[in-house]
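Summary of structural features
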Amino acid sequence: MDIKLENLTKIYGLQRAVDDISFEVKTGEVLGFLGPNGAGKTTTMKAITCYLTPNSGDVKVGGISVLENPDEVKKHIGYLPENNPLYYDMPVIDYLRFVAELQGLTPEETNQRIAEMIQVCGLKGEKHKKIRELSKGYKQRVGLAQALIHDPEVLILDEPTTGLDPNQIVEIRELIKKIGREKTVILSSHILAEVEATCDRILIINNGKIVADGSSEQLRKQAQGNEILKVQILGGDRNEVFKSLQQISTIALVDILVPEESVFEVQSKNDAQSAQPIFEMCKDNGWYIGQLTPVETKLEDVFREVTSN
Amino acid sequence: MKSIITITKRELNSFFDSLMAYIMIVAFLGFSGFFTWIQGRDVFFVNQASLQSFFSIAYWTLFFFIPALTMRQIAEERKTGTIEMLLTKPVSEWQIVSGKFLATLSLIVIALLLTIPYYITVSQLGPIDHGAVMLGYLGLILMSAAYVCIGIFTSSLTNNQIIAFLLALFIGIFFHIIFDILSNGLPGILGNISHYLSMSTHFESISRGVFDSKDIIYFLSIIVLGLVGSEAVLSKRD
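The rules we used
- Residues numbered from 1 in each chain as written.
- Chains lettered and ligands numbered in written order.
- Predicted model: local features only at pLDDT ≥ 70, side-chain atom pairs only at ≥ 80, totals over all residues.
- Heavy atoms only, no water.
- Helix = DSSP H or I, 4+ residues; strand = E, 2+ residues; numbered from the N terminus.
- Rg over C-alpha atoms; globule rule 2.2 N^0.38 Å.
- Buried < 20%, exposed > 50% of the residue type's maximum accessible area, 1.4 Å probe, protein only.
- Contact = heavy atoms within 4.5 Å.
- Lys, Arg positive; Asp, Glu negative; His and termini not counted.
- Charge placed at Lys NZ, Arg CZ, Asp CG, Glu CD.
- Expected span 1.5 Å × (residues − 1).
- Axes fitted to C-alpha atoms, helices over the stretch in contact; angles between N-to-C directions.
- Parallel < 35°, antiparallel > 145°, perpendicular 65-115°, else oblique.
- Left-handed = near helix turned anticlockwise from the far one by under 90°.
- Nonpolar A, V, L, I, M, F, W, Y, C, P; charged D, E, K, R; others polar.
- Buried area = accessible area lost by both parts, 1.4 Å probe.
- Salt bridge = Lys/Arg side-chain N within 4 Å of Asp/Glu carboxyl O.
- Pairing = 2+ DSSP bridges.
- Patch = residues over 30% accessible without salt bridge, like charges linked within 9 Å, V, L, I, M, F, W, Y side chains within 5 Å.
- Areas by Shrake-Rupley, 256 points an atom, 1.4 Å probe, with all protein chains shown as cover.
- Domains from an automatic or database assignment.
- pLDDT = per-residue confidence, 0-100.
- Disulfide = S-S within 2.5 Å.

What follows is about the overall build of chain A. Looking only at helices and strands, chain A has eleven helices and 14 strands in total. Its C-alpha atoms give chain A a radius of gyration of 25 Å, more than 25% over the compact-globule value 19 Å for 309 residues. Overall size of chain A, expressed as C-alpha extent along the three principal axes, is 80 × 45 × 30 Å. For chain A, the residues scored as buried account for 52% of the 309 residues in total. Long-range pairs, those at least 24 residues apart, make up 69% of the contacts in chain A between residues at least 6 apart in sequence. Counting 35 positive and 46 negative side-chain charges, chain A places the centres of these two groups 4 Å from one another.

Here the focus is helix α8 (residues 130-157) of chain B. Counted at 1.5 Å a residue, the expected span for α8(B) with its 28 residues is 40 Å, and the 41 Å between its end C-alpha atoms agrees. Along α8(B), 20 of the 28 residues are buried, which leaves the element largely enclosed by surrounding structure.

This part is about the side chain of A:T42. Position of A:T42 relative to the elements: it lies in helix α1 (residues 41-48). Ignoring any residue separated from it by four or fewer positions in sequence, one finds A:T42 in contact with A:E82 and A:D158.

Moving on to the packing of helix α4 (residues 52-80) of chain B against α8(B). Residue and element names in this part refer to chain B. The N-to-C vectors of α4 and α8 enclose an angle of 30°; their axes lie 8 Å apart at closest approach. Here α8 runs roughly parallel to α4, going by the angle between their axes. For the crossing formed where α4 meets α8, the hand is right-handed. Within the contact of α4 with α8, the residues separate by chemical class into 18 nonpolar, seven polar and two charged.

Another aspect to go through is unusual backbone geometry. All names here are of chain A. The backbone phi angle of E159 is positive, close to 50°, even though this residue is not glycine. The class for E159 is buried, based on a relative accessible area of 9%. Its identity as a non-glycine residue notwithstanding, S262 has a phi of 40°, on the positive side. Of note, S262 is situated in the loop between β12 (251-258) and β13 (263-268). Of the residues examined, S262 reaches a relative accessible area of 7% and is grouped as buried.

To continue, consider the interface of chain B and chain A. Each partner contributes residues to the interface: chain B has 23 residues there, and chain A has 27 residues. For the pair chain B and chain A, the summed buried surface comes to about 2400 Å²; carbon and sulfur atoms form 58% of the total. Of all residues in chain B, B:R10, B:E84 and B:P90 bury the most surface against chain A, accounting for 27% of the area lost on that side. Taken together, chain B and chain A are joined by two salt bridges.

With respect to the helices and strands, the residue A:V263 is situated in strand β13. Each C-alpha atom of the pair A:V263 and A:L292 lies 9.4 Å from the other, and the pair is 29 residues apart in sequence.

Residue and element names in this part refer to chain A. Strand order across the open sheet formed by four strands is β12-β13-β11-β14, with antiparallel pairing between neighbours. Strands at the two margins of the open sheet, each flanked by one partner only, are β12 and β14 (288-294). Across the sheet, the axes of successive neighbouring strands diverge by a mean angle of 25°, strand direction being ignored. Examined bridge by bridge, β12 and β13 share six bridges and lie antiparallel to one another. Opposite I256, over in β13, you have F264 as the bridge partner.

Residue and element names in this part refer to chain B. Residues L182, L186, I189, L190 and I193 make up a contiguous nonpolar surface patch of about 440 Å² in total accessible area. No other element matches helix α10 (residues 188-197), which puts three residues into the nonpolar patch. Here L182 lies in helix α9 (residues 161-185).

Each assigned domain of chain A is listed with its residue range as follows: domain 1 (3-214) and domain 2 (225-298). Relative placement of domain 1 of chain A and domain 2 of chain A: their C-alpha centres are 47 Å apart.

Moving on: α1(A). Extensive coverage of α1(A) is indicated by the burial of eight of its eight residues. For α1(A), the set of buried residues is A:K41, A:T42, A:T43, A:T44, A:M45, A:K46, A:A47 and A:I48.

Averaged over all residues, the pLDDT of chain A is 86; the fraction at 70 or higher stands at 98%. When pLDDT is averaged over each helix and strand of chain A, the minimum, 75, is found for helix α8 (residues 216-223) of chain A and the maximum, 93, for helix α3 (residues 92-102) of chain A.

Residues and elements named next belong to chain A. Scanning the model with the defined rule gives zero disulfides over all chains in all. Among the cysteines around C199, which has no disulfide bond, C121 carries the closest sulfur, lying 18 Å off. The class for C199 is buried, based on a relative accessible area of 12%.

Structure (structure tokens):
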């Protein structure tokens, strides 16, 4: 099931929280939704899940409009809201049953799906505990289980890993990856590494507008022009090394990173590669390479570049 | 309809899980029992086999208990954010509101059913007007339904339970006593309107055994207004 946003706009008072956004998520795609706080991520997600009615524009989930037929759309969406609201006074299994019944599952389906969800989300030992008694990581699993209980084709997760410890983050990520293979997933986060690890495609929004769209490699390439290498050359005087580096024809710029250990950062000219000339230079002078690493533009840099005003 | 029952079941369970239901039932039976059987102007003082003294005390205890039961219903869901979880499931605002209404009303009906021993006891003491007792109970249930709707409405307005409680009492007190007082003081049409708006007018006419369409329209309008109002407030979320 695909999701299509058409000129979606949501205004709070004077602020345009989401400003004329259009994009499409294809079936089976995992889309990472990035942006600084208050960029409009949550608002967009709330519009897709029919919680908020947009001021203008439309969202179509599998071709069904949220304005015309919200109840039909809701049946196909599994949603984990921000801060994972749950009924704390209910035992896990009762809560899942409640959600399953609301989703209109038959009693047999309900029992079967609950058993499946408890298995998939690893809630076996916790199923009879009240939700209040669970640790944050387990609460998050309950949140995921309730979102998945009716086997939805579309999954919307609003910051699924906030407040979890590193082990739990890895577990939840694995879970999302596992589930995401067959479903269309939109996942918001401001942890860049997470989005990079789990998503096929990244969408960055800022002030209610889309500022970047593509896979993480595409985004990086967009931001990065020339090749940058970090190189350590040993066995010679660092000033001499510096001078020789500057003389290499493919290198545009040389910078000393750590003078004591003679670590340099070199930037190549357009479309040129400098690894080989550096090696040749070392060979000619009797120096040796301590390390040579390509410096990639990090997603953080891309993010900072497109979202800073 | 299935969704309404699902929500009703959950709400009722949450009343019983949180001890709220037990406290309410014990307090209700305690108060009404004390004033029906022990305090000075009780059944024995009246010297008639009638449940009139029970009905007039239940008329007041329910007035105070109902806002305490309804105050958290929507306010708490707003505060914890579970309302977002609910409304993104395939249920309508209307189903949520009706589910909560039915749950609270069921709890009150359970409390009233537990006073049936009073009825049996009194009927052993002398000839009792069974019709009047039935209508008395019906009057209490209708009155409760009206106050539950007012309570759910005020609970939908805020995410603070105390405000919801006080607001429900504030609105309730007009129906419960202020319109009654006004109707004695105000002349002509205003007096008539206040008289019609007063809960006691309708409650007393029902428990006297007179039950006509005026009373039904009165209770139904408060119930419908309260539910439609809550639904409208829930639908408007920005």
